[in-house]
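Here is what each chain is made of, one letter per residue.
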Amino acid sequence: MNVASWIQFHPVLALRWPSLPAIELAVALLCLVGLVGWLAIRQPAWILYGLVFLELTHLDFLLPETRPISVSLALEGILAAGLMIHWIATGASLRVAWPQTVLLNVYVLMACLSSFLVAPSTVDLNGRLVIKDLLVRWFTIMAITQLVATDQDREKAYGLLLISAAVLVGLSLGKLALTGTNWRSRELPPWVTGPILLRANAPGVHTDNLACELVMMFPLLFSYLASPGKSGLKVLSALLTPLFFLNIILTYSRTGFLVLGVAVLGTLFYRRGWGKALVVVVVALAVGLLAPQAFWQRMATIVTDREGSSRIFLYAAAIRMIKASPLWGVGYGGFQHLVNQYYPLPTGTVSGSPHNIYLDVWAETGILALLVFLALLATSIAALHRLRRELVSLSALESRLFALELALLIFALAGLTTPLLLDPVFHVILGLALSAIAARRLRETKLEARAETCPHREIEPRSYVSRPGIDS
(Lines give C-alpha, C1' and ligand atoms only; values in the text may rest on other atoms or scores of the structure.)
Protein backbone atom coordinates (compact mmCIF):
# COMPACT_ATOMS: atom_id res chain seq x y z
CA MET A 1 0.00 0.00 0.00
CA ASN A 2 1.46 3.34 -1.04
CA VAL A 3 1.41 6.50 1.05
CA ALA A 4 -1.60 8.00 -0.76
CA SER A 5 -3.71 4.92 -0.19
CA TRP A 6 -2.61 4.73 3.45
CA ILE A 7 -3.64 8.37 4.02
CA GLN A 8 -6.95 7.76 2.24
CA PHE A 9 -7.96 4.83 4.44
CA HIS A 10 -6.40 5.99 7.72
CA PRO A 11 -9.22 6.89 10.20
CA VAL A 12 -7.45 10.04 11.40
CA LEU A 13 -5.76 11.30 8.24
CA ALA A 14 -8.64 10.58 5.88
CA LEU A 15 -9.58 14.23 5.48
CA ARG A 16 -11.48 15.80 2.63
CA TRP A 17 -9.18 18.13 0.72
CA PRO A 18 -10.75 21.49 -0.12
CA SER A 19 -11.63 22.19 -3.73
CA LEU A 20 -9.88 24.88 -5.74
CA PRO A 21 -12.68 27.50 -5.28
CA ALA A 22 -12.53 26.89 -1.52
CA ILE A 23 -8.76 27.46 -1.54
CA GLU A 24 -9.19 30.69 -3.54
CA LEU A 25 -11.83 31.85 -1.08
CA ALA A 26 -9.54 31.06 1.86
CA VAL A 27 -6.62 32.98 0.27
CA ALA A 28 -8.90 35.96 -0.44
CA LEU A 29 -10.17 35.84 3.15
CA LEU A 30 -6.62 35.81 4.53
CA CYS A 31 -5.68 38.76 2.32
CA LEU A 32 -8.75 40.65 3.52
CA VAL A 33 -7.90 39.90 7.15
CA GLY A 34 -4.35 41.13 6.58
CA LEU A 35 -5.58 44.32 4.92
CA VAL A 36 -8.06 44.99 7.72
CA GLY A 37 -5.34 44.37 10.30
CA TRP A 38 -3.03 46.85 8.59
CA LEU A 39 -5.79 49.46 8.33
CA ALA A 40 -6.67 48.91 11.99
CA ILE A 41 -3.23 50.21 12.91
CA ARG A 42 -2.81 52.85 10.20
CA GLN A 43 -6.22 54.18 9.13
CA PRO A 44 -9.05 52.77 11.29
CA ALA A 45 -11.52 55.32 9.93
CA TRP A 46 -11.36 53.63 6.52
CA ILE A 47 -12.59 50.39 8.09
CA LEU A 48 -15.51 52.26 9.59
CA TYR A 49 -16.31 53.94 6.28
CA GLY A 50 -16.23 50.56 4.54
CA LEU A 51 -18.61 49.07 7.10
CA VAL A 52 -20.97 52.04 6.88
CA PHE A 53 -20.93 52.07 3.06
CA LEU A 54 -21.68 48.34 2.98
CA GLU A 55 -24.66 48.79 5.29
CA LEU A 56 -26.07 51.94 3.68
CA THR A 57 -25.96 50.69 0.10
CA HIS A 58 -27.13 47.15 0.95
CA LEU A 59 -24.52 45.84 -1.47
CA ASP A 60 -23.95 42.94 0.91
CA PHE A 61 -27.24 41.58 -0.44
CA LEU A 62 -25.45 40.85 -3.72
CA LEU A 63 -22.80 38.73 -1.99
CA PRO A 64 -23.24 34.93 -2.08
CA GLU A 65 -25.25 33.46 0.77
CA THR A 66 -23.82 30.49 2.65
CA ARG A 67 -24.86 28.50 5.69
CA PRO A 68 -24.70 28.92 8.62
CA ILE A 69 -22.91 32.31 8.34
CA SER A 70 -23.49 34.57 5.36
CA VAL A 71 -20.57 36.13 3.52
CA SER A 72 -21.92 39.60 4.32
CA LEU A 73 -22.06 38.82 8.05
CA ALA A 74 -18.51 37.43 7.95
CA LEU A 75 -17.30 40.57 6.15
CA GLU A 76 -19.01 42.82 8.69
CA GLY A 77 -17.49 40.72 11.48
CA ILE A 78 -13.98 41.13 10.05
CA LEU A 79 -14.40 44.90 9.79
CA ALA A 80 -15.76 45.06 13.33
CA ALA A 81 -12.82 42.99 14.57
CA GLY A 82 -10.46 45.47 12.90
CA LEU A 83 -12.04 48.34 14.81
CA MET A 84 -11.75 46.37 18.05
CA ILE A 85 -8.05 45.78 17.34
CA HIS A 86 -7.59 49.53 16.91
CA TRP A 87 -9.26 50.33 20.23
CA ILE A 88 -7.27 47.67 22.08
CA ALA A 89 -3.95 48.65 20.47
CA THR A 90 -4.32 52.38 21.00
CA GLY A 91 -6.06 52.27 24.37
CA ALA A 92 -8.28 55.15 23.29
CA SER A 93 -10.69 56.49 25.88
CA LEU A 94 -14.41 55.91 25.45
CA ARG A 95 -16.38 58.86 24.08
CA VAL A 96 -19.81 59.08 25.67
CA ALA A 97 -22.86 61.14 24.71
CA TRP A 98 -24.69 61.57 28.00
CA PRO A 99 -27.28 60.14 28.50
CA GLN A 100 -27.84 58.86 24.96
CA THR A 101 -24.97 56.33 24.96
CA VAL A 102 -26.16 54.89 28.27
CA LEU A 103 -29.74 54.62 27.03
CA LEU A 104 -28.58 52.92 23.82
CA ASN A 105 -26.56 50.31 25.70
CA VAL A 106 -29.39 49.68 28.17
CA TYR A 107 -31.83 49.12 25.30
CA VAL A 108 -29.49 46.72 23.48
CA LEU A 109 -28.77 44.85 26.72
CA MET A 110 -32.48 44.46 27.42
CA ALA A 111 -33.05 43.20 23.89
CA CYS A 112 -30.24 40.64 24.24
CA LEU A 113 -31.55 39.39 27.59
CA SER A 114 -35.03 39.21 26.09
CA SER A 115 -33.76 37.22 23.11
CA PHE A 116 -31.82 34.70 25.20
CA LEU A 117 -34.02 34.38 28.29
CA VAL A 118 -37.59 35.26 27.34
CA ALA A 119 -37.62 33.85 23.80
CA PRO A 120 -34.88 31.20 23.48
CA SER A 121 -36.55 29.90 20.29
CA THR A 122 -35.68 33.04 18.29
CA VAL A 123 -32.91 31.27 16.42
CA ASP A 124 -33.65 31.00 12.73
CA LEU A 125 -33.36 27.90 10.59
CA ASN A 126 -29.78 28.68 9.59
CA GLY A 127 -28.63 28.75 13.20
CA ARG A 128 -28.10 32.53 13.29
CA LEU A 129 -29.47 34.47 16.18
CA VAL A 130 -32.05 37.09 15.37
CA ILE A 131 -30.22 39.45 17.72
CA LYS A 132 -27.15 39.57 15.44
CA ASP A 133 -28.63 42.30 13.24
CA LEU A 134 -29.24 44.53 16.24
CA LEU A 135 -25.71 43.91 17.52
CA VAL A 136 -24.24 44.92 14.13
CA ARG A 137 -26.26 48.15 14.19
CA TRP A 138 -25.25 48.82 17.81
CA PHE A 139 -21.59 48.33 16.97
CA THR A 140 -21.93 50.74 14.04
CA ILE A 141 -23.35 53.45 16.31
CA MET A 142 -20.62 52.95 18.90
CA ALA A 143 -17.88 52.94 16.24
CA ILE A 144 -19.16 56.18 14.70
CA THR A 145 -19.35 57.80 18.13
CA GLN A 146 -15.73 56.83 18.87
CA LEU A 147 -13.97 57.37 15.53
CA VAL A 148 -15.92 60.28 14.03
CA ALA A 149 -14.53 62.68 16.61
CA THR A 150 -14.09 66.06 14.92
CA ASP A 151 -16.08 68.35 12.65
CA GLN A 152 -13.81 67.35 9.78
CA ASP A 153 -14.47 63.65 10.44
CA ARG A 154 -18.20 64.27 10.51
CA GLU A 155 -18.03 66.14 7.19
CA LYS A 156 -16.40 63.06 5.67
CA ALA A 157 -19.15 60.88 7.13
CA TYR A 158 -21.83 63.20 5.74
CA GLY A 159 -20.19 62.96 2.34
CA LEU A 160 -20.15 59.18 2.59
CA LEU A 161 -23.85 59.23 3.45
CA LEU A 162 -24.53 61.36 0.39
CA ILE A 163 -22.47 59.10 -1.90
CA SER A 164 -24.24 56.04 -0.51
CA ALA A 165 -27.57 57.70 -1.29
CA ALA A 166 -26.40 58.25 -4.87
CA VAL A 167 -25.49 54.55 -5.13
CA LEU A 168 -28.92 53.55 -3.79
CA VAL A 169 -30.69 55.78 -6.30
CA GLY A 170 -28.46 54.49 -9.11
CA LEU A 171 -29.18 50.85 -8.26
CA SER A 172 -32.90 51.48 -7.95
CA LEU A 173 -33.53 53.64 -10.99
CA GLY A 174 -30.74 52.08 -13.06
CA LYS A 175 -32.16 48.58 -13.14
CA LEU A 176 -35.68 49.89 -13.62
CA ALA A 177 -34.56 51.94 -16.65
CA LEU A 178 -32.24 49.37 -18.22
CA THR A 179 -34.16 46.14 -17.70
CA GLY A 180 -37.70 47.24 -16.86
CA THR A 181 -37.61 45.09 -13.71
CA ASN A 182 -36.89 45.73 -10.06
CA TRP A 183 -34.48 43.90 -7.80
CA ARG A 184 -37.17 41.89 -6.07
CA SER A 185 -40.78 41.46 -7.18
CA ARG A 186 -43.28 42.04 -4.46
CA GLU A 187 -46.26 39.68 -4.42
CA LEU A 188 -49.31 41.68 -3.48
CA PRO A 189 -52.09 40.05 -1.44
CA PRO A 190 -54.91 38.52 -3.51
CA TRP A 191 -57.46 41.12 -2.36
CA VAL A 192 -55.54 44.02 -3.88
CA THR A 193 -57.30 45.13 -7.03
CA GLY A 194 -55.81 46.81 -10.04
CA PRO A 195 -52.64 46.08 -12.01
CA ILE A 196 -49.50 44.98 -10.19
CA LEU A 197 -47.22 47.99 -9.95
CA LEU A 198 -43.59 47.89 -10.99
CA ARG A 199 -42.08 49.53 -7.91
CA ALA A 200 -38.50 50.76 -7.80
CA ASN A 201 -36.34 49.27 -5.06
CA ALA A 202 -32.71 48.47 -4.29
CA PRO A 203 -31.05 45.09 -3.61
CA GLY A 204 -32.50 43.55 -0.47
CA VAL A 205 -34.61 46.61 0.40
CA HIS A 206 -38.39 46.71 0.47
CA THR A 207 -39.94 49.55 -1.50
CA ASP A 208 -41.41 51.23 1.60
CA ASN A 209 -38.11 50.99 3.46
CA LEU A 210 -36.20 52.43 0.49
CA ALA A 211 -38.60 55.37 0.26
CA CYS A 212 -38.22 56.11 3.99
CA GLU A 213 -34.43 55.78 3.79
CA LEU A 214 -34.27 58.30 0.96
CA VAL A 215 -36.55 60.71 2.82
CA MET A 216 -34.33 60.44 5.92
CA MET A 217 -31.32 61.31 3.74
CA PHE A 218 -33.12 64.21 2.06
CA PRO A 219 -32.47 66.78 4.88
CA LEU A 220 -28.73 66.20 4.43
CA LEU A 221 -29.18 66.82 0.72
CA PHE A 222 -30.90 70.12 1.52
CA SER A 223 -28.18 71.11 4.02
CA TYR A 224 -25.58 70.94 1.24
CA LEU A 225 -27.83 72.96 -1.07
CA ALA A 226 -28.34 75.60 1.65
CA SER A 227 -24.66 75.81 2.59
CA PRO A 228 -22.65 78.77 1.26
CA GLY A 229 -19.81 78.25 -1.17
CA LYS A 230 -19.19 75.65 -3.85
CA SER A 231 -18.14 72.04 -3.52
CA GLY A 232 -18.40 68.76 -5.35
CA LEU A 233 -20.91 67.41 -2.81
CA LYS A 234 -23.08 70.48 -3.32
CA VAL A 235 -23.13 69.83 -7.07
CA LEU A 236 -23.93 66.17 -6.38
CA SER A 237 -26.79 67.26 -4.10
CA ALA A 238 -28.22 69.48 -6.82
CA LEU A 239 -28.11 66.61 -9.32
CA LEU A 240 -29.58 64.12 -6.85
CA THR A 241 -32.52 66.26 -5.72
CA PRO A 242 -34.87 65.55 -8.69
CA LEU A 243 -33.70 61.91 -8.78
CA PHE A 244 -34.56 61.58 -5.09
CA PHE A 245 -38.12 62.75 -5.68
CA LEU A 246 -38.44 60.57 -8.77
CA ASN A 247 -37.19 57.47 -6.96
CA ILE A 248 -39.50 58.04 -3.98
CA ILE A 249 -42.46 58.44 -6.34
CA LEU A 250 -41.59 55.27 -8.28
CA THR A 251 -41.56 53.23 -5.09
CA TYR A 252 -45.31 53.94 -4.87
CA SER A 253 -44.86 54.04 -1.11
CA ARG A 254 -47.67 55.79 0.73
CA THR A 255 -45.61 56.17 3.89
CA GLY A 256 -42.75 57.60 1.83
CA PHE A 257 -45.12 60.09 0.22
CA LEU A 258 -46.44 61.31 3.59
CA VAL A 259 -43.06 61.69 5.30
CA LEU A 260 -41.66 63.37 2.17
CA GLY A 261 -44.26 66.07 2.73
CA VAL A 262 -43.02 66.41 6.31
CA ALA A 263 -39.43 66.72 5.06
CA VAL A 264 -40.32 69.43 2.54
CA LEU A 265 -42.29 71.35 5.20
CA GLY A 266 -39.32 71.02 7.54
CA THR A 267 -37.03 72.65 5.00
CA LEU A 268 -39.57 75.45 4.49
CA PHE A 269 -39.71 76.21 8.20
CA TYR A 270 -35.94 76.18 8.49
CA ARG A 271 -34.91 79.65 9.68
CA ARG A 272 -32.68 80.34 6.68
CA GLY A 273 -32.30 79.19 3.12
CA TRP A 274 -35.82 80.17 2.09
CA GLY A 275 -34.83 80.61 -1.52
CA LYS A 276 -33.27 77.17 -1.76
CA ALA A 277 -36.20 75.64 0.12
CA LEU A 278 -38.57 77.12 -2.45
CA VAL A 279 -36.41 75.66 -5.22
CA VAL A 280 -36.77 72.26 -3.54
CA VAL A 281 -40.54 72.70 -3.41
CA VAL A 282 -40.66 73.69 -7.09
CA VAL A 283 -38.65 70.60 -8.02
CA ALA A 284 -40.94 68.42 -5.90
CA LEU A 285 -44.04 69.85 -7.57
CA ALA A 286 -42.52 69.45 -11.04
CA VAL A 287 -41.61 65.82 -10.45
CA GLY A 288 -44.96 65.22 -8.76
CA LEU A 289 -46.86 66.56 -11.76
CA LEU A 290 -44.89 64.21 -14.00
CA ALA A 291 -45.71 61.22 -11.78
CA PRO A 292 -47.69 58.43 -13.49
CA GLN A 293 -51.42 58.25 -12.94
CA ALA A 294 -51.01 54.94 -11.08
CA PHE A 295 -49.07 56.79 -8.39
CA TRP A 296 -51.91 59.19 -7.60
CA GLN A 297 -54.40 56.33 -7.74
CA ARG A 298 -52.38 54.50 -5.13
CA MET A 299 -51.97 57.60 -2.94
CA ALA A 300 -55.76 58.02 -3.02
CA THR A 301 -56.09 54.62 -1.32
CA ILE A 302 -54.15 55.62 1.83
CA VAL A 303 -57.27 55.24 3.99
CA THR A 304 -59.45 52.99 1.82
CA ASP A 305 -57.25 50.25 0.33
CA ARG A 306 -57.85 46.79 1.74
CA GLU A 307 -54.13 46.13 1.59
CA GLY A 308 -53.84 48.38 4.64
CA SER A 309 -56.25 46.14 6.54
CA SER A 310 -53.53 43.49 6.79
CA ARG A 311 -51.61 45.83 9.06
CA ILE A 312 -54.64 46.05 11.31
CA PHE A 313 -54.31 42.29 11.84
CA LEU A 314 -50.62 42.74 12.68
CA TYR A 315 -51.44 45.56 15.12
CA ALA A 316 -54.04 43.34 16.79
CA ALA A 317 -51.51 40.52 17.17
CA ALA A 318 -48.96 42.89 18.71
CA ILE A 319 -51.55 44.27 21.14
CA ARG A 320 -52.47 40.77 22.28
CA MET A 321 -48.78 40.01 22.87
CA ILE A 322 -48.54 43.21 24.92
CA LYS A 323 -51.55 42.19 27.01
CA ALA A 324 -50.05 38.75 27.59
CA SER A 325 -46.66 40.08 28.74
CA PRO A 326 -46.61 43.89 29.07
CA LEU A 327 -43.47 44.09 31.20
CA TRP A 328 -41.02 41.75 29.45
CA GLY A 329 -42.65 41.07 26.07
CA VAL A 330 -42.50 37.80 24.17
CA GLY A 331 -38.78 38.05 23.43
CA TYR A 332 -36.75 39.98 20.89
CA GLY A 333 -37.46 38.55 17.45
CA GLY A 334 -40.38 36.51 18.75
CA PHE A 335 -43.15 38.31 16.85
CA GLN A 336 -42.65 36.41 13.59
CA HIS A 337 -42.66 33.06 15.42
CA LEU A 338 -45.66 33.74 17.66
CA VAL A 339 -47.91 36.02 15.60
CA ASN A 340 -50.30 33.25 14.50
CA GLN A 341 -50.58 31.95 18.05
CA TYR A 342 -51.89 35.28 19.30
CA TYR A 343 -53.90 36.32 16.26
CA PRO A 344 -54.36 33.95 13.28
CA LEU A 345 -53.62 36.01 10.21
CA PRO A 346 -55.58 35.78 6.96
CA THR A 347 -54.13 33.69 4.17
CA GLY A 348 -51.38 35.57 2.35
CA THR A 349 -50.59 37.89 5.26
CA VAL A 350 -46.98 37.20 6.26
CA SER A 351 -44.78 39.56 8.22
CA GLY A 352 -41.97 39.41 10.74
CA SER A 353 -42.96 42.78 12.19
CA PRO A 354 -46.18 44.59 13.18
CA HIS A 355 -45.16 47.47 10.86
CA ASN A 356 -44.98 49.81 13.84
CA ILE A 357 -41.67 50.21 15.65
CA TYR A 358 -43.30 51.20 18.93
CA LEU A 359 -45.67 48.23 19.02
CA ASP A 360 -42.75 46.08 17.91
CA VAL A 361 -40.49 47.12 20.79
CA TRP A 362 -43.28 46.87 23.37
CA ALA A 363 -44.54 43.47 22.15
CA GLU A 364 -41.08 41.87 21.94
CA THR A 365 -39.05 43.50 24.72
CA GLY A 366 -41.63 45.04 27.07
CA ILE A 367 -42.68 48.46 28.29
CA LEU A 368 -39.36 49.19 30.02
CA ALA A 369 -37.40 48.76 26.78
CA LEU A 370 -39.95 50.92 24.95
CA LEU A 371 -39.51 53.73 27.48
CA VAL A 372 -35.72 53.52 27.12
CA PHE A 373 -36.00 53.60 23.33
CA LEU A 374 -38.35 56.61 23.42
CA ALA A 375 -36.01 58.37 25.85
CA LEU A 376 -33.10 57.72 23.47
CA LEU A 377 -34.99 59.29 20.55
CA ALA A 378 -36.32 62.25 22.54
CA THR A 379 -33.04 63.14 24.24
CA SER A 380 -31.11 62.85 20.96
CA ILE A 381 -33.48 65.23 19.16
CA ALA A 382 -33.52 67.66 22.10
CA ALA A 383 -29.71 67.62 22.42
CA LEU A 384 -29.27 68.29 18.70
CA HIS A 385 -31.70 71.21 18.94
CA ARG A 386 -29.83 72.71 21.90
CA LEU A 387 -26.49 72.21 20.19
CA ARG A 388 -27.77 73.85 17.03
CA ARG A 389 -28.97 76.90 18.97
CA GLU A 390 -25.47 77.34 20.43
CA LEU A 391 -23.77 77.42 17.05
CA VAL A 392 -22.98 80.47 14.98
CA SER A 393 -25.78 81.19 12.56
CA LEU A 394 -25.30 80.56 8.84
CA SER A 395 -22.64 77.90 9.46
CA ALA A 396 -22.40 74.63 7.59
CA LEU A 397 -22.27 72.69 10.86
CA GLU A 398 -25.61 74.16 11.94
CA SER A 399 -27.30 72.98 8.74
CA ARG A 400 -25.82 69.47 9.20
CA LEU A 401 -27.22 69.27 12.72
CA PHE A 402 -30.58 70.46 11.42
CA ALA A 403 -30.45 67.61 8.90
CA LEU A 404 -29.78 65.07 11.65
CA GLU A 405 -32.58 66.50 13.80
CA LEU A 406 -35.12 66.43 10.97
CA ALA A 407 -34.03 62.92 9.92
CA LEU A 408 -34.68 61.56 13.43
CA LEU A 409 -38.11 63.21 13.44
CA ILE A 410 -38.88 61.61 10.06
CA PHE A 411 -37.83 58.22 11.44
CA ALA A 412 -40.13 58.66 14.45
CA LEU A 413 -43.09 59.40 12.13
CA ALA A 414 -42.34 56.82 9.42
CA GLY A 415 -41.93 54.14 12.09
CA LEU A 416 -45.67 54.31 12.78
CA THR A 417 -46.37 52.29 9.62
CA THR A 418 -42.99 50.94 8.43
CA PRO A 419 -40.61 48.44 10.10
CA LEU A 420 -37.52 50.67 10.41
CA LEU A 421 -36.22 49.38 13.73
CA LEU A 422 -33.10 47.82 12.15
CA ASP A 423 -32.77 50.27 9.28
CA PRO A 424 -29.07 51.07 8.67
CA VAL A 425 -29.71 54.68 7.64
CA PHE A 426 -31.38 55.42 10.98
CA HIS A 427 -28.52 53.88 12.95
CA VAL A 428 -25.85 55.77 10.99
CA ILE A 429 -27.73 59.05 11.51
CA LEU A 430 -28.13 58.25 15.21
CA GLY A 431 -24.40 57.50 15.41
CA LEU A 432 -23.55 60.85 13.85
CA ALA A 433 -25.92 62.59 16.26
CA LEU A 434 -24.30 60.89 19.26
CA SER A 435 -20.87 61.80 17.88
CA ALA A 436 -21.81 65.50 17.75
CA ILE A 437 -23.33 65.36 21.25
CA ALA A 438 -20.25 63.58 22.63
CA ALA A 439 -18.02 66.27 21.09
CA ARG A 440 -20.05 68.97 22.83
CA ARG A 441 -19.77 67.15 26.15
CA LEU A 442 -16.01 66.77 25.70
CA ARG A 443 -15.68 70.49 24.97
CA GLU A 444 -17.64 71.36 28.11
CA THR A 445 -15.42 69.03 30.14
CA LYS A 446 -12.29 70.78 28.82
CA LEU A 447 -13.72 74.19 29.68
CA GLU A 448 -14.51 73.03 33.21
CA ALA A 449 -11.02 71.60 33.63
CA ARG A 450 -9.50 74.85 32.37
CA ALA A 451 -11.64 76.81 34.80
CA GLU A 452 -10.45 74.63 37.69
CA THR A 453 -6.79 75.08 36.76
CA CYS A 454 -7.26 78.86 36.41
CA PRO A 455 -9.80 79.74 39.12
CA HIS A 456 -9.09 83.48 38.98
CA ARG A 457 -9.68 83.68 35.25
CA GLU A 458 -13.29 83.94 34.17
CA ILE A 459 -14.07 81.82 31.13
CA GLU A 460 -17.24 82.96 29.47
CA PRO A 461 -19.22 80.54 27.34
CA ARG A 462 -19.09 81.54 23.71
CA SER A 463 -20.69 80.40 20.53
CA TYR A 464 -19.26 77.23 19.12
CA VAL A 465 -17.63 78.20 15.82
CA SER A 466 -17.18 75.28 13.44
CA ARG A 467 -13.50 74.62 12.85
CA PRO A 468 -11.94 71.30 11.86
CA GLY A 469 -10.65 69.43 14.89
CA ILE A 470 -11.98 71.89 17.48
CA ASP A 471 -13.69 69.14 19.49
CA SER A 472 -11.07 66.43 19.04
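In this report, we go over the structure that sits alongside the text. Here the structure is a predicted model, which means the values were calculated and not measured.

Calculation rules
- Residues numbered from 1 in each chain as written.
- Predicted model: local features only at pLDDT ≥ 70, side-chain atom pairs only at ≥ 80, totals over all residues.
- Heavy atoms only, no water.
- Helix = DSSP H or I, 4+ residues; strand = E, 2+ residues; numbered from the N terminus.
- Buried < 20%, exposed > 50% of the residue type's maximum accessible area, 1.4 Å probe, protein only.
- Contact = heavy atoms within 4.5 Å.
- Areas by Shrake-Rupley, 256 points an atom, 1.4 Å probe, with all protein chains shown as cover.
- 1 Å grid on protein atoms, 1.4 Å probe; cavity = no way out; pocket = protein on both sides within 12 Å on 5 of 7 lines; lining within 4 Å.
- Points joined across faces, edges and corners; volume = space filled by probe spheres on them.
- Salt bridge = Lys/Arg side-chain N within 4 Å of Asp/Glu carboxyl O.
- Axes fitted to C-alpha atoms, helices over the stretch in contact; angles between N-to-C directions.
- Left-handed = near helix turned anticlockwise from the far one by under 90°.
- Nonpolar A, V, L, I, M, F, W, Y, C, P; charged D, E, K, R; others polar.
- Phe/Tyr/Trp six-rings, centres within 6.5 Å; stacked < 30°, edge-to-face > 60°.
- Lys NZ or Arg CZ within 6 Å of the ring centre and 35° of its normal.
- Expected span 1.5 Å × (residues − 1).
- Bend = angle between axes of the 7 residues up to and from the residue.
- Lys, Arg positive; Asp, Glu negative; His and termini not counted.
- Patch = residues over 30% accessible without salt bridge, like charges linked within 9 Å, V, L, I, M, F, W, Y side chains within 5 Å.
- Core = buried A, V, L, I, M, F, W, Y, C linked by side-chain atoms within 4.5 Å.

Re the overall build of the protein chain
Secondary structure assignment for the protein chain yields 17 helices and zero strands. By the burial criterion, 48% of the 472 residues in the protein chain qualify as buried. Contacts in the protein chain between residues far apart in sequence, at least 24 positions, make up 78% of those at least 6 positions apart. If you sum the accessible surface of the protein chain, you get close to 23,100 Å²; carbon and sulfur atoms cover 68% of it.

Some points on empty space enclosed by the protein
Inspection of every chain in the model, using the stated rule, returns four cavities of 30 Å³ or more. In this model, the largest cavity occupies a volume close to 80 Å³. Considering the residues around the largest cavity, the lining is formed by Leu104, Tyr107, Val108, Leu134, Trp138, Ile141, Phe373, Leu376, Leu421, Phe426, His427 and Leu430. Counting residues per element, the ones that place at least two in the lining of the largest cavity are helix 5 (100–118), helix 6 (131–147), helix 15 (357–390) and helix 17 (424–453).

As for the pattern of salt bridges
All chains considered together, the criterion is met by four salt bridges. The partner of arginine 137 in a salt bridge is glutamate 55, with the nearest N and O atoms 3.8 Å apart. Here glutamate 55 lies in helix 3 (residues 44–57) and arginine 137 lies in helix 6, a separation of 82 residues in the sequence. The pair arginine 137 / glutamate 55 is uniform in exposure class, with both members buried. Taking the shortest distance from any N to any O, the salt bridge between arginine 388 and glutamate 405 comes out at 3.2 Å. With arginine 388 in helix 15 and glutamate 405 in helix 16 (residues 396–414), this pair connects stretches of sequence that are 17 residues apart. Overall, arginine 388 belongs to the buried group, its relative accessible area being 11%. A residue is classified by how much of its surface remains accessible, and glutamate 405, at 10% relative accessible area, is buried.

Details of the packing of helix 3 against helix 7 (residues 151–179)
At a minimum axis separation of 9 Å, helix 3 and helix 7 run at an interaxial angle of 30°. Handedness of the crossing formed by helix 3 with helix 7: right-handed. Packed against helix 3, whose contacting residues are Tyr49, Val52, Phe53, Leu56 and Thr57, the element helix 7 presents Asp153, Lys156, Leu160, Leu161, Ser164, Val167, Leu168 and Leu171 at the interface. Counted by class, the contact of helix 3 with helix 7 contains nine nonpolar, two polar and two charged residues.

Considerations on the packing of aromatic side chains
According to the stated counting rule, one finds three aromatic pairs in the structure shown. Pairing tyrosine 107 with phenylalanine 373 gives two aromatic rings, centres 5.5 Å apart and planes at 45°, and the pair type is tilted. With tyrosine 107 in helix 5 and phenylalanine 373 in helix 15, the pair connects residues that are 266 residues apart, well separated along the chain. Between the aromatic rings of phenylalanine 411 and phenylalanine 426, the centroid separation amounts to 3.7 Å while the plane-to-plane angle is 5°, which identifies the pairing as stacked. Within this pair, whereas phenylalanine 411 is found in helix 16, its partner phenylalanine 426 is found in helix 17, the two being separated by 15 residues in sequence. Judged by relative accessible area, phenylalanine 426 falls into the buried class, the value being 3%. It is arginine 400 that lies over the ring of tyrosine 224; its NZ or CZ is 4.0 Å from the centre.

Focus: helix 3
Taking 1.5 Å of rise per residue, 14 residues should cover 20 Å, and helix 3 covers 20 Å from first to last C-alpha, within 8% of that figure. Counting buried positions along helix 3 gives 10 out of 14 residues, so the element sits mostly inside the fold. Buried within helix 3 we find Pro44, Ile47, Leu48, Tyr49, Leu51, Val52, Leu54, Glu55, Leu56 and Thr57. Two residues or fewer past helix 3, histidine 58 is found with a positive phi of approximately 60°.

A word on helix 8 (residues 207–226)
Over its 20 residues, helix 8 extends 29 Å from the first C-alpha to the last, a length consistent with the 28 Å expected when each residue adds 1.5 Å. Along its length, helix 8 shows its largest kink, about 30°, at methionine 217, and proline proline 219 lies within four residues downstream of that point. The buried fraction of helix 8 amounts to 20 of the 20 residues, a majority that puts the element mostly inside the structure.

Things to note about the side chain of aspartate 360
Note that aspartate 360 resides in helix 15. No salt bridge forms around the buried aspartate 360; measuring N to O, its nearest opposite-charge neighbour arginine 137 is 13 Å away. Not counting chain neighbours up to four residues away, the residues in contact with aspartate 360 comprise Ser353, Pro354 and Leu421.

Describing a nonpolar patch on the surface
Taken together, the side chains of Leu109, Leu113, Phe116, Leu117, Val118, Leu327, Trp328, Leu368, Leu371 and Leu374 present a nonpolar region at the surface, about 960 Å² in accessible area. For the nonpolar patch, the secondary structure elements donating two or more residues are helix 5 and helix 15. No other element matches helix 5, which puts five residues into the nonpolar patch. Relative to the helices and strands, tryptophan 328 resides in the loop between helix 13 (309–324) and helix 14 (335–342).

Notes on the nonpolar core
In terms of nonpolar packing, the biggest core is built from 110 residues, with Tyr107 and Phe244 touching the most fellow members. Ranked by residue count, the leading element in this core is helix 8, at 14 residues. Ignoring any residue separated from it by four or fewer positions in sequence, one finds phenylalanine 244 in contact with Ala165, Val169, Leu214, Met217, Phe218 and Leu221. In terms of nonpolar packing, the next biggest core, distinct from the first, is built from 11 residues, Ala318, Val330, Phe335 and Val339 among them.

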